[in-house]
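Structural characterization, general
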Amino acid sequence: RQVPGAGLAGYFWSQVGNRTNFLGKDRQDRNIWRDTAAIVNDPDQPPYPRMALLEQAGYGKACGVPFDIRGHRGVVLYFAR
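Residues numbered from 1 in each chain as written. Predicted model: local features only at pLDDT ≥ 70, side-chain atom pairs only at ≥ 80, totals over all residues. Heavy atoms only, no water.

**Looking at the overall build of the protein**
In plain terms, the rule: Where helices and strands are cited, they refer to DSSP runs of H or I of at least four residues and of E of at least two residues respectively, numbered from the N terminus. Think of it in three bands: with a 1.4 Å probe and only protein chains considered, a residue is buried below 20% of the maximum accessible area for its type, exposed above 50%, and partly exposed in between. Contact between two residues is taken to exist if any of their heavy atoms lie within 4.5 Å; hydrogens are not considered. To measure how exposed things are, a 1.4 Å probe is used in the Shrake-Rupley method; for residues, cover is taken only from the protein chains shown.
When its secondary structure is counted, the protein shows 3 helices and 3 strands. Counting from the amino terminus, the protein carries its helices and strands in the arrangement α-β-α-α-β-β. Scored against the burial criterion, the 81 residues of the protein give a buried share of 21%. The contacts in the protein between residues at least 6 apart in sequence include a share of 50% that link residues at least 24 apart. Approximately 6100 Å² of the protein is accessible, and the part contributed by carbon and sulfur atoms is 52%.

Okay, here's the thing in structure tokens:
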């Protein structure tokens with residue numbers, strides 16, 4: 001099993017990657033747009049220069065959408081200004 005990545009991909013994987021709850025049932029979460037500034041400035045997140053560059057480039061929101069295709073799991077990131 002592969003370890004989640006760093007930066008925004010790792011952040012969103014930790015938030016939405018596990019689509020089951022503690023009972024093993026599918027979670028009914030909705031995709032939520034998050035402020036990139038809040039993620040960059042979060043003291044619990046390790047410093048990651050690419051995240052700061054995305055914020056400086058004007059991308060103020062990010063959203064991670066999980067997928068599972070025949071056992072291959074991941075997360076697609078979407079950005080908005």
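**Quick notes on the pattern of salt bridges**
Quick note on the threshold: Definition used for salt bridges: Asp or Glu carboxyl oxygen within 4 Å of a side-chain nitrogen of Lys or Arg.
Summed over all chains, the structure comprises 1 salt bridge. The partner of Lys61 in a salt bridge is Asp35, with the nearest N and O atoms 2.6 Å apart. Of this pair, Lys61 sits in strand E2 (residues 61–69) while Asp35 is found in strand E1 (residues 34–35), placing the two residues 26 residues apart along the sequence. Relative accessible area serves as the criterion here: at 39%, Asp35 is assigned to the partly exposed category.

**Let's talk about the side chain of Thr36**
Mapped onto the elements of the fold, Thr36 is located in helix H2 (residues 36–40). Relative accessible area serves as the criterion here: at 3%, Thr36 is assigned to the buried category. If near-sequence neighbours (up to four positions away) are discounted, Thr36 is found in contact with Glu55, Tyr59, Gly60, Lys61 and Ala62.

**With respect to the packing of aromatic side chains**
Aromatic ring pairs: the centre-centre distance and the angle between the two ring planes describe each pair. Rules: The aromatic pairing rule takes the rings of Phe, Tyr and Trp, using the six-membered ring of Trp, and pairs them if the centres are within 6.5 Å, calling planes under 30 degrees apart stacked, those over 60 edge-to-face and the rest tilted. Placement of a positive charge over a ring is assigned whenever Lys NZ or Arg CZ falls within 6 Å of the ring centre and within 35 degrees of the normal to the ring plane.
For the coordinates displayed, the defined rule picks out 1 aromatic pair. The aromatic ring of Tyr59 is capped on one face by Arg81, whose charged end is 5.0 Å from the ring centroid.

**Points about a nonpolar patch on the surface**
The line we're drawing: Exposure above 30% relative accessible area and no salt bridge define the residues that can form patches, which grow by joining like charges within 9 Å and nonpolar side chains of Val, Leu, Ile, Met, Phe, Trp and Tyr within 5 Å.
On the surface, Trp33, Phe67, Ile69, Val76 and Tyr78 cluster together into a nonpolar patch covering about 480 Å² of accessible area. If you list the elements that add at least two residues to the nonpolar patch, you get E2 and strand E3 (72–80). Positionally, Trp33 belongs in the loop between helix H1 (7–16) and E1.

**A closer look at the environment of Arg73**
As for its position among the elements, Arg73 is in strand E3. Arg73 sits in the partly exposed class, given a relative accessible area of 39%. In the structure, Arg73 is positioned 60 residues away from Trp13 in sequence and 9.8 Å away in space, judged by C-alpha atoms.

**Considerations on H1**
Of all 10 residues in H1, 7 are buried, a share of seventy percent or more. Of the positions making up H1, those classed as buried are Gly7, Leu8, Gly10, Tyr11, Phe12, Trp13 and Val16. Elements in contact with the buried residues of H1: E1, H2, helix H3 (49–56), E2 and E3.

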